[in-house]
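# Descriptive structure summary
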Amino acid sequence: MNEKIIQQSEALCPDFDYLRNRFFLVGIVGLIASLIGLLLSNDHYNQFFRSYLVAFTYWVSIPLGSLLILMIHQVGGGTWGFTIRRQLEAASRTLPLLFIFALPILVFGIHSLYEWSHTDVVADDALLRYKASFLNETQFRIRSVIYFIIWGVLVYFLSKWTAQQDREPNSTNATWKMQKLSGPGIVIFFLTTTMSSIDWLMSLEPHWFSSIFGVIQIIGQALITWAFITLVSIHLSHKEPIGRLLTGGRLADLGTFMLATVMLWAYTSFSQLLIIWSGNLPEEITWFITRTSGGWEYLSYGLIGLHFFFPFFFLISSTMKSKISVLKFFAFWLLLVRFFDIIWYTRPTFTKIDPLHANHYSTGFTMHWLDIAIMVAIGGFVISMFFSQLKKQPLIALNDPRYPELYD
């Protein structure tokens, strides 16, 4: 049976090569447009990195979300994870590329994004002086590199042991090692990803803080991953060898996971708002006031309806989830609204005005064509690498002793 799976997987290599090349070309086009924007747009340097941060935050979600879901599967088991395991493993191995894409921010972009990197601002702000031992450029860069090293170690060993499992038909050693790593790995992942979200996103406004912020960002990463993996799985559901596992019921399970993650996003986001609003502390509440003024309020209300209610009322229906066209639509839809959610978290930081005591108000909703260009550039290269990784192993993990019936 293993030989048949390997042969059928190898037969799909031309399809994966085609997709890899097409998305690589998309990335090249986006890169050219991004460089033009860097050179020609007004306030080009600052705007470039504001758009770059949005795109980087979005696309780093795929390897990180895949790593988390993969470790959850290794700990908890279940055929839902087995059917998408190769997709998750391939997506997690795009992490080195995302580290490369982090370098422009770490090397050139800190001063354009973070007010705590301006010595004159820190000198006039007692709170920033107090936080300076943590919020400074050297520590920021060191911590970011450490995050990627830790995530990279987890990806490396999971990839190494899954390849070992493929080679050893009568051994449970590799399976046992993946399970043992994934338990503490989930804890380490939550700690490092929470810290990275504080560094990369929450420190955009260093006076504001939220204890649930990291969890919300991790849920957002998982949602992007579920939507992306659902689209890939739908594409593969008509191809052997994976097609026999990606039945309508198992594809509907992916819709259920998207629904559950949407509900978690809504619950944690509302909890953050409720706790901060009820506390009514100026250093916390002004963050929300910025995002509910000057036109940003329409995006806020739109996210409530389009990020939660719209997908919720469709995905909660078993009948609707069983329709491939509906599942595909909402996977695309959630990928789109996640982009606007990241815009909502980051962009109002740069639209605040400072008329004496009203610095929490906004000049209004803004977007720039670089937001799209850089998204396309990074996304093209990431998806291209994903398909390059996907072709390296059989599409069904071999010799997993937990699912012998799936090899029949």
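In short, a report on the structure. (Residues numbered from 1 in each chain as written. Predicted model: local features only at pLDDT ≥ 70, side-chain atom pairs only at ≥ 80, totals over all residues. Heavy atoms only, no water.)

### As for the nonpolar core
We count it as follows: Definition used in this section: a nonpolar core is a set of buried Ala, Val, Leu, Ile, Met, Phe, Trp, Tyr and Cys residues joined via side-chain atoms within 4.5 Å. In this scheme, a residue with accessible area under 20% of its type's maximum is buried, one over 50% is exposed, and one in between is partly exposed, where area comes from a 1.4 Å probe on protein chains only. Secondary structure elements follow DSSP: runs of H or I no shorter than four residues count as helices, runs of E no shorter than two count as strands, and numbering proceeds from the N terminus. Two residues qualify as a contact provided that any one of their heavy atoms is within 4.5 Å of a heavy atom in the partner residue.
Formed by 124 residues in total, the largest nonpolar core has its most connected members in Phe56, Trp59, Tyr114, Phe148, Trp151 and Trp200. Residue contributions to this core peak at 15 residues, all from helix 12 (residues 213-236). Among all residues touching Phe56, those that are not within four sequence positions of it are Leu98, Phe101, Ala102, Ile105, Phe148, Trp200 and Ile378.

### Section: empty space enclosed by the protein
What counts here: Computed over the protein atoms alone on a 1 Å grid, cavities are sets of points where a 1.4 Å probe fits but cannot get out and pockets are open sets with protein on both sides within 12 Å along at least five of seven lines; a residue lines them when it has an atom within 4 Å of a point. Grid points are joined across faces, edges and corners, and a volume is the space filled by probe spheres set on the points. Here the nonpolar group is Ala, Val, Leu, Ile, Met, Phe, Trp, Tyr, Cys and Pro; Asp, Glu, Lys and Arg are the charged ones; every other residue, Gly included, is treated as polar.
In the structure shown here, the tally under the stated rule is three cavities of 30 Å³ or more. There is about 110 Å³ of room inside the largest cavity. If you go around the largest cavity, you meet 13 residues; those closest to its centre are Thr57, Ser197, Leu201, Gln217 and Gln221. Elements represented by at least two residues in the lining of the largest cavity include exactly helix 11 (173-200), helix 12 and helix 17 (324-346). At four residues, the largest contribution of residues to the lining of the largest cavity is made by helix 11. Among the residues making up the lining of the largest cavity, the classes are represented as four nonpolar, eight polar and one charged. Taken as a whole, the second largest cavity encloses approximately 60 Å³ of empty space. Considering the residues around the second largest cavity, the lining is formed by Leu201, Met202, Leu204, Glu205, Trp208, Phe213, Trp287, Arg291, Tyr345, Thr346 and Thr349.

### Structural notes on the packing of aromatic side chains
Here is the rule: For this analysis, a ring pair means two rings from Phe, Tyr or Trp (six-membered ring only for Trp) whose centres lie within 6.5 Å, classed as stacked if their planes differ by under 30 degrees, edge-to-face if by over 60, and tilted for the remaining angles.
What the rule picks out here adds up to 49 aromatic pairs. Geometrically, the ring pair formed by Tyr58 and Trp59 is edge-to-face, given 5.0 Å between the ring centres and 70° between the ring planes. One exposure class covers both Tyr58 and Trp59, and it is buried. Measuring from ring centre to ring centre gives 6.1 Å for Trp151 and Trp200, while their planes differ by 75°; the resulting arrangement is edge-to-face. Placement of the pair is Trp151 in helix 10 (residues 137-167) and Trp200 in helix 11, with a sequence separation of 49 residues. For Trp151, a relative accessible area of 0% corresponds to the buried category.

### Here we look at the side chain of Asp125
Inclusion rule: Here a polar contact means two N or O atoms within 3.5 Å. Within protein one must be a hydrogen donor candidate and the other an acceptor candidate, and residues neighboring in sequence count only if both atoms are side-chain atoms.
With respect to the helices and strands, the residue Asp125 is situated in the loop between helix 8 (119-123) and helix 9 (126-131). Among the polar contacts listed, one links the side chain of Asp125 to the side chain of His207, at a separation of 2.6 Å.

### Examining the pattern of salt bridges
When their charged atoms lie close together, side chains carrying opposite charge are able to pair. The test is simple: Salt bridge, as used here, is a side-chain nitrogen of Lys or Arg placed within 4 Å of a carboxyl oxygen of Asp or Glu.
Taken as a whole and judged by the stated rule, the model has 14 salt bridges. The shortest N-O distance in the salt bridge between Glu205 and Arg291 comes to 3.0 Å. Of this pair, Glu205 sits in the loop between helix 11 and helix 12 while Arg291 sits in the loop between helix 14 (282-290) and helix 15 (296-315); the two residues are 86 residues apart in sequence, bridging distant segments of the chain. No difference in accessibility class separates Glu205 from Arg291, as the two residues are buried. The salt bridge involving Arg338 is made with Asp341; its shortest N-O contact spans 2.6 Å. Of this pair, Arg338 and Asp341 both sit in helix 17, separated by three residues, roughly a single helical turn. For Arg338, a relative accessible area of 2% gives the class buried. Salt bridges sharing partners connect three or more residues here, namely Arg85, Arg86, Glu89, Asp166, Asp400 and Arg402.

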